[in-house]
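This is what each chain is made of:
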Amino acid sequence: MTAQSPKRRVITFGTFDLFHIGHLNILKRARALGTELYVGLSSDELNMAKKGRNPIYDYEHRKQILESLRCVDQVFKEESLELKVDYVKQFQADVLTMGADWEGKFDFCKPYCEVIYLPRTPSISTTELIEIIREI
Ligand code: CTP
């Protein structure tokens, strides 16, 4: 008989609009930190509050894209930036991970879970993609 390896739940957050290779890379690396990956997906309203624009793809479309990925176990709606600790507790996350553009910004979660910042994929972002498309 072999002992079952313990579950290690990972949580991450983002808008994942105009899904691109940087998003795929971070989700795969996030999942590799544990055994289950939970993604807090910004609501359309939260994206407006955070980035000052509506997402190009609405919440339901962004959610369906993330749910179709093998590395993602569950997607839930992130309604407020102030609820990180509540989401960590609700999903019993062992690890919270984000891209290095958020370095230090989630350290307040350290009493509740491990916090890991991963290097971003260089030279791509949703904002840059929107600019490029605008110029074409
Ligand atoms: N991310 C990454 N590498 C990139 C772009 C994003 O690792 N090149 C990560 C971010 O650090 C974050 C997650 O992907 O942890 C979701 O980021 P999000 O803000 O939704 O994507 P961006 O492309 O950064 O969007 P924007 O340009 O609008 O800020």
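Computed from a prediction, not measured in an experiment: that's the story for all the values here.

Draft legend 1. A look at the pairing of strand E1 (residues 9–14). Burial analysis of E1 places six of its six residues in the buried class, the great majority of the element. Direction of pairing for E1 relative to strand E2 (residues 36–42): parallel, over a ladder of six bridges. By the bridge assignment, Phe13 is partnered in E2 with Gly40. A crossover links E1 with its parallel partner E2, the connecting element being helix H1 (residues 21–32), and its sense is right-handed. Strand direction decides the pairing type here: E1 and strand E4 (residues 95–99), joined by two bridges, are parallel. Looking at E4, one finds that Ile11 is bridged to Leu96.

Draft legend 2. Layout of the site of the ligand. In the vicinity of the ligand lie 17 residues, with Lys51, Asp101, Thr121, Ile124 and Thr127 positioned nearest. One nitrogen or oxygen atom from the main chain of Phe16 is found 2.9 Å from an oxygen atom belonging to the ligand. Lys51 has a polar side-chain atom sitting 2.7 Å from an oxygen atom of the ligand. Contact with the protein chains removes 93% of the 570 Å² of surface that the ligand exposes when unbound. Counting residues per element, the ones that place at least two in the shell around the ligand are H1, E4 and helix H5 (126–135). Looking at the shell around the ligand, the element that brings in the most residues is H1, giving three residues. In terms of residue class, the shell around the ligand is made up of four nonpolar, nine polar and four charged.

Draft legend 3. The pattern of salt bridges, seen in detail. According to the stated counting rule, one finds ten salt bridges in the structure shown. Between Glu114 and Arg8 there is a salt bridge, with the nearest N and O atoms lying 3.3 Å from each other. Remark: Arg8 occurs in the segment before E1 and Glu114 occurs in strand E5 (residues 114–118); sequence separation between them is 106 residues. On the basis of relative accessible area, Glu114 is assigned to the partly exposed category, the value being 38%. We note a salt bridge from Glu78 to Lys84, for which the minimum N-O separation is 2.6 Å. Here Glu78 falls in the buried class, since its relative accessible area comes to 1%. For Lys84, a relative accessible area of 2% gives the class buried. Salt bridges sharing partners connect three or more residues here, namely Lys7, Arg9 and Glu36.

The rules we used
Residues numbered from 1 in each chain as written. Predicted model: local features only at pLDDT ≥ 70, side-chain atom pairs only at ≥ 80, totals over all residues. Heavy atoms only, no water. Buried < 20%, exposed > 50% of the residue type's maximum accessible area, 1.4 Å probe, protein only. Helix = DSSP H or I, 4+ residues; strand = E, 2+ residues; numbered from the N terminus. Pairing = 2+ DSSP bridges. Right-handed = clockwise from strand over helix to strand, strands pointing away. Near = heavy atom within 4 Å. Polar contact = N/O pair within 3.5 Å; in protein donor to acceptor, adjacent residues only side chain to side chain. Areas by Shrake-Rupley, 256 points an atom, 1.4 Å probe, with all protein chains shown as cover. Nonpolar A, V, L, I, M, F, W, Y, C, P; charged D, E, K, R; others polar. Salt bridge = Lys/Arg side-chain N within 4 Å of Asp/Glu carboxyl O.

Keep in mind these values describe shape, not function.
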